[in-house]
Number of protein chains: 2
Amino acid sequence: SVNPDLGSERQTASFSVEKLTALLDGGAEQTRIRRAVVEAIESDPEFSRENQYFQTQNERYEAAVRKAVHLQKKMHEMGWTENGPEYKYIYRALSGDVAFLLHRVFMRSISVLGSDKQIAKWIPLATQHKLIGSYAQTELGHGTYLQGLETTAVFDTATQEFILNTPKISAMKWWPGDMGRSATHTVVFAQLYVHGKCYGIHPFIVQIRSLQDHSLCPGIIAGDIGPKMNFEHIDNGYLLLKNVRIPRENMLSKFCEVRPDGTYVRQGSQKINYFTMTTLRISLISDEVLMPLMKACTIAIRYSVVRRQSKLKPGEQEAKILDYQTQQEKLLPQLAAAYAYHFINDYLQELFNRGYTEIQRKNFDMLPELHALSSGFKAVITQHCTAGVEICLRACGGHGYSLLSGLPSLYTKILASCIYEGENTILLLQTARFLIKCFMAASAGQPVPPSVTYLAAVKHGKCPAKNKLDFLSPDIYTEAYQHVAVRLTSSTAAKLQDLIQSGVKKHDAWNQCTVQLVQAAKAHCHYIAVKNFAETVEKLEAKAGIQKIMKHLCDLFALHGIFSNTGAFLHDGYISAAQMDMVTASYLDLLAVIRKDAVPLVDAFDFTDKSLNSALGSYDGQVYQRLYEWAQKSPTNQMSPAYERYLKPLLHNALSKL
Amino acid sequence: SVNPDLGSERQTASFSVEKLTALLDGGAEQTRIRRAVVEAIESDPEFSRENQYFQTQNERYEAAVRKAVHLQKKMHEMGWTENGPEYKYIYRALSGDVAFLLHRVFMRSISVLGSDKQIAKWIPLATQHKLIGSYAQTELGHGTYLQGLETTAVFDTATQEFILNTPKISAMKWWPGDMGRSATHTVVFAQLYVHGKCYGIHPFIVQIRSLQDHSLCPGIIAGDIGPKMNFEHIDNGYLLLKNVRIPRENMLSKFCEVRPDGTYVRQGSQKINYFTMTTLRISLISDEVLMPLMKACTIAIRYSVVRRQSKLKPGEQEAKILDYQTQQEKLLPQLAAAYAYHFINDYLQELFNRGYTEIQRKNFDMLPELHALSSGFKAVITQHCTAGVEICLRACGGHGYSLLSGLPSLYTKILASCIYEGENTILLLQTARFLIKCFMAASAGQPVPPSVTYLAAVKHGKCPAKNKLDFLSPDIYTEAYQHVAVRLTSSTAAKLQDLIQSGVKKHDAWNQCTVQLVQAAKAHCHYIAVKNFAETVEKLEAKAGIQKIMKHLCDLFALHGIFSNTGAFLHDGYISAAQMDMVTASYLDLLAVIRKDAVPLVDAFDFTDKSLNSALGSYDGQVYQRLYEWAQKSPTNQMSPAYERYLKPLLHNALSKL
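Keep in mind it's a predicted model, so treat the numbers as computed, not measured. (Residues numbered from 1 in each chain as written. Chains lettered and ligands numbered in written order. Predicted model: local features only at pLDDT ≥ 70, side-chain atom pairs only at ≥ 80, totals over all residues. Heavy atoms only, no water.)

*Asks:* An account of the relation of the copies chain A and chain B is needed here, citing residue identities and associated values.
*Replies:* The two copies are related by a screw motion: chain A maps onto chain B through a turn of 180° and a shift of 0.0 Å along the axis, at an RMSD of 0.0 Å. Classification of the inter-copy transformation places it as that of a two-fold axis. The rotation axis passes nearest to the C-alpha of Gly567(A) in chain A, at a distance of 1.7 Å. When the interface residues of chain A are mapped onto chain B, 100% of them are again interface residues, pointing to one common binding face. (Least-squares fit on C-alpha atoms with pLDDT ≥ 70 in both. Contact = heavy atoms within 4.5 Å.)

What follows is the structure in structure tokens.
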């Protein structure tokens, strides 16, 4: 039975939840396929996550391996293939709680970096799981800066082998997933030396464990790097190489080859490599970043209409906490952000697909823009969504702090996304470098990519809004965002020029501008996110109330951004103080409007109770009952030796002994 | 041996680290005592935290109980007493990793709320650990709003007993520390009913477990609430009462008593109760909030001079990451905040002591101000420090995400401080209520408490700064903070008045202003923190370079606050756009200045390696070596059954079976 405080929220939805779900999925047929996959996975007890919050790191790892192996069987049974429409929903339905993700990266790196011969040899072995692959790039001492990797691979002409070594401790491979305990093979990135000359970083296939008994191969020291904030199910590992010899054929050689005599040959274009990083950054947004925020919103918003605390009006019943303006101001902007970034994800996917088509035609023109947008949005979205999940957690008070709420795990998991696949600050600076370049080009009248043409159109106008309702006009706020992005880019470009002209060396000047460059990159992405949301809303069908509620969310996303960052808009007077008061008024008004549809808006994300795995967020809102039931299963409710050992002696006569 | 990249940072300190440590401790003698306590605790293997990051919740609990029991012995051995100068350093030296903290709250609540007779009976029992106490206030359904607690205590005249019940699931006690597994007794807060009439919430001493065999007493259902984000060592518990009868004498009756015939008598003043909450909120700041931030700064800053990544200048060695402006901008403001809040803590302590003296003279005049300041600062400091620890964690990239860095635990621990002892938003609204009240009084020419007299002096001037150096003048920036605090308070008071005059009911009007009221309360606290830091710096001796470096930190704290919140200062033109550019310039300049002393500034916190318990933050900076050594000890490096069960069959022939 549904908690009536939650049930009543669904009675008054201003739109069709089912239609919105279909919109998010990309069509009703996609919704049907997704639900079928979720149903198949969740009804299979082998995939259960029931006691996950009580498990140790070892137990989580074992379960993830079990699930990965069982998944092979399941896919066969269900007729799901890697190219089928179901495939993309499997990982999501498992909530990522499965091993061998790096096995896929191993395979992809061979497909992209390997010669045809290498692909023909290794891919079938990997596909049939005759080996388990990993991907060993990051070292203890190097993450971001790949050129600085210290592992060495020296070519020995006599034996036609590469000799791999970890010359010092900072060169030890560190972090690779699936490598700590599972992998038999890995792709090692190392500095290639031939005849004493260094040719830079290259990838090598190295076997690290026996296929017979899984013991470490000669010269290999490997293990698990221990506990992390999350990802207990993944055996992130370390790897130390001591004169490990591999055949010449194990250097992945699509782009570079070492001939038997030691001649180094470079062939083909490596530009595609950038594209691989771009692909990765875009592909993680949906499952690794948006899903956690959507889940956190679902949990926190459902809880906030079930939880009653204090009185809004004396004499009345205690109020649902979502009726407090401060609670709305915490949660509803996160909900709006989840929608905004869902639509930006669509935008990036489309851009990416177009880019891919061009690249297949050997046209690499779109690469810089794609790289800039995927880097910037990876940083902005992971940062914003991580902050959003934390806000949801804190908005649930003490119960949010219990692992049983599901919120702590969502937070500790999404937090990693700010770090992996490019540290966010580094990525934003890459976007900024693109912006500065384009700004200079545009100022000089040269053509620039579509997403930055606006940089050429520097306007010194003022915001034309006359009353608070004007700020519900997408033209008004999109223009304001654009203005700020241009101002921050142009002023930082000017500072950079000034410094260089005053004699500061180029690299120092760049470093001295980086705090402001990061601001410019964020403003650029924020502008595009707002613009894209507004354009998406415009294209929606007006029926079933969908367009109307999406328009409210778009307004909220835009106005929350202004309200939280007023200085950027006030700085040069583009928005005046009086107008900023209108923004605030409109923003606060919107909270009350969207609050009415808050529960239907999270229902539309269509998470099952099993996928939320939250005592606070279930569809029926039976929060307290579930917390109690779950807590009783905790291993901390088993008998502890602490009583016999310490408490009993203390209580009986500990002090008399002193 | 110290990593030379770290060692070199210490050569160039502009001040005496030892003198700064003494300043932070409140004198060299205090430093001596603290170090002696730390030495005694850390050299005792019973208190070791060595394998903490590898332990399960059960193991952590058992260790905490063991330590708590051992601590009794240790104190006796060392001659430490609860009133001695060593006492306050014990908990810190243990990093809070000890059980029975609620036992102290149990004792304090009896001392404060109990009659002399009750104190005479229970305190000796508790002191001698003939029982283990807890404190059962929070329920599943109620935290913040104490009046809403649902547990009942019905007086039975016939038997002279109270009958305690948990009438429904939301009334179950939930969260009390030490209650899940350890406590034998607890103070239960319940709605008192006599002859069918409800007299509101009162405290009752209830035995929950047998003193003989620790089994649950009749009518008691209790256990552990399960895993949380941190506090694995604490057995936060649940408690369900079914017709539990306790003698009339067990109602704590300093202020209220039920006579044998059921007559309810209220006696004495309960104002002191507010003071108890104030005490608690102030007392937690130092150990629970500042220590984690100071530790996080120490870890992140030491790591940032050891970690080298990428090149600042082509052709040179890779740069220490602390030399990047963006890294400085992440870490150095957190360092400044740690100092700022250390000094505010001194300020609050002093205010508190004065208040206490007055209260003992039956003068309660200072209570509202004390309550407002302790509430506001509890919220502002916990929020700011929590964000600071998260920034430190993220600034260490992947290694910060490893539990072995110590940063994840610091974060998950400090996060709780935003929730316990008053949820932050609620607390800020209490401060805001005080501000609005005082603003109205001041506007009407009535006297107001010292900390808010500035509200009367509404000025409409402009900031007089003419160049970027002017913003290094404490008068200039303190005035700016004051201006913003007045503006936000007065404008929100005006909005509130307008709403009420336009016919909105008082409670609705308040709710519609809460987002802005929270801003006003934060601005008030921020102003006082800046002012107090500036005044503290002025009083410091000029010698040994201490005053100079503290002045830099004070400037940084103030300018970072403006830089991060430009809109508040730009809004009414108090600071112009041109002046804001000066703020930015001065702020960025300061980063480079303070960066030079960053390591000495964290060294002055004087944390031992054991207290940091971090593979990244140790005094010698041997980061990679330590990560590797520690990881090898992880239980995830023991043999896993996953190989025999899942991997071997898969690798040998899993797919051929399908």
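Okay, back to it.
*Asks:* Can you lay out the UniProt feature "active site" (unreviewed entry) in chain A for me, pointing to particular residues and giving the numbers?
*Replies:* Residue and element names in this part refer to chain A. In this numbering, the UniProt entry assigns the feature "active site" (unreviewed entry) to Glu421. Of note, glutamate 421 is situated in the loop between α12 (407-416) and α13 (424-443). Relative accessible area serves as the criterion here: at 30%, glutamate 421 is assigned to the partly exposed category. The contacts of glutamate 421, once residues within four sequence positions are left out, are Met277, Leu280, Arg281, Leu284, Lys378 and Leu427. (UniProt positions renumbered as here; feature names shortened; annotations may be inferred. Helix = DSSP H or I, 4+ residues; strand = E, 2+ residues; numbered from the N terminus. Buried < 20%, exposed > 50% of the residue type's maximum accessible area, 1.4 Å probe, protein only.)

*Asks:* Please give an account of helix α4 (residues 57-78) of chain A that cites residues and values.
*Replies:* Residue and element names in this part refer to chain A. Here α4 spans 30 Å end to end across 22 residues, near enough to the 32 Å set by a 1.5 Å rise per residue. At leucine 71, α4 shows its maximal kink, close to 25°. Trailing α4 by a residue or two, glycine 79 shows a phi angle of about 75°, which is positive. (Expected span 1.5 Å × (residues − 1). Bend = angle between axes of the 7 residues up to and from the residue.)

*Asks:* Requested: an account of the domain arrangement of chain A, with residues and values cited.
*Replies:* Here chain A is partitioned into domain 1 (132-267) and domain 2 (433-448 + 466-596). One C-alpha centre belongs to domain 1 of chain A, the other to domain 2 of chain A, and the line joining them spans 44 Å. (Domains from an automatic or database assignment.)

*Asks:* Quick one: what's the story with the pairing of strand β8 (residues 237-241) of chain A, residue by residue and with numbers?
*Replies:* Residue and element names in this part refer to chain A. When you tally the buried positions in β8, you get 5 out of 5 residues, the bulk of the element. Here β8 shows two buried faces, one formed by Gly237, Leu239 and Leu241 and the other by Tyr238 and Leu240. For strand β7 (residues 220-224) and β8, the ladder comprises 5 bridges, and the chain directions are antiparallel. When the sheet's bridge partners are listed, alanine 222 is paired in β8 with leucine 239. (Pairing = 2+ DSSP bridges.)

*Asks:* Report on the pattern of salt bridges, specifying residues and quantitative values.
*Replies:* Where charged atoms from two side chains of opposite charge come close, those side chains can pair. All names here are of chain A. Under the definition given, this model contains 71 salt bridges over all chains. Between lysine 531 and glutamate 535 there is a salt bridge whose closest N-O contact spans 3.9 Å. Placement of the pair is lysine 531 and glutamate 535 together in helix α15 (residues 506-539), with a separation of 4 residues, close to one helical turn. On the basis of relative accessible area, lysine 531 is assigned to the partly exposed category, the value being 32%. (Salt bridge = Lys/Arg side-chain N within 4 Å of Asp/Glu carboxyl O.)

*Asks:* Hey, could you go over the UniProt feature "domain: Acyl-CoA oxidase C-alpha1" (unreviewed entry) in chain A for me, with residue numbers and the actual values?
*Replies:* Using the residue numbers shown here, the UniProt feature "domain: Acyl-CoA oxidase C-alpha1" (unreviewed entry) corresponds to residues 274-436 of chain A. As a span, residues 274-436 of chain A carries 77% helix and 0% strand, and end to end its C-alpha atoms are 20 Å apart.

*Asks:* Can you tell me about the interface of chain A and chain B, naming the residues and giving the values?
*Replies:* The interface of chain A with chain B comprises 136 residues on the first partner and 136 residues on the second. Each partner contributes to the roughly 10800 Å² buried at the junction of chain A and chain B, and carbon and sulfur atoms together form 64% of this total. There are 4 salt bridges connecting chain A and chain B. As a salt-bridge pair, Lys313(B) and Asp508(A) come within 3.7 Å of each other at their nearest N and O atoms. Seen at the junction of chain A and chain B, the total is 58 residue pairs in polar contact (both at pLDDT 80 or more). Along the lines of polarity and charge, the residues of the side of chain A that touches chain B split into 60 nonpolar, 52 polar and 24 charged. (Buried area = accessible area lost by both parts, 1.4 Å probe. Polar contact = N/O pair within 3.5 Å; in protein donor to acceptor, adjacent residues only side chain to side chain. Nonpolar A, V, L, I, M, F, W, Y, C, P; charged D, E, K, R; others polar.)

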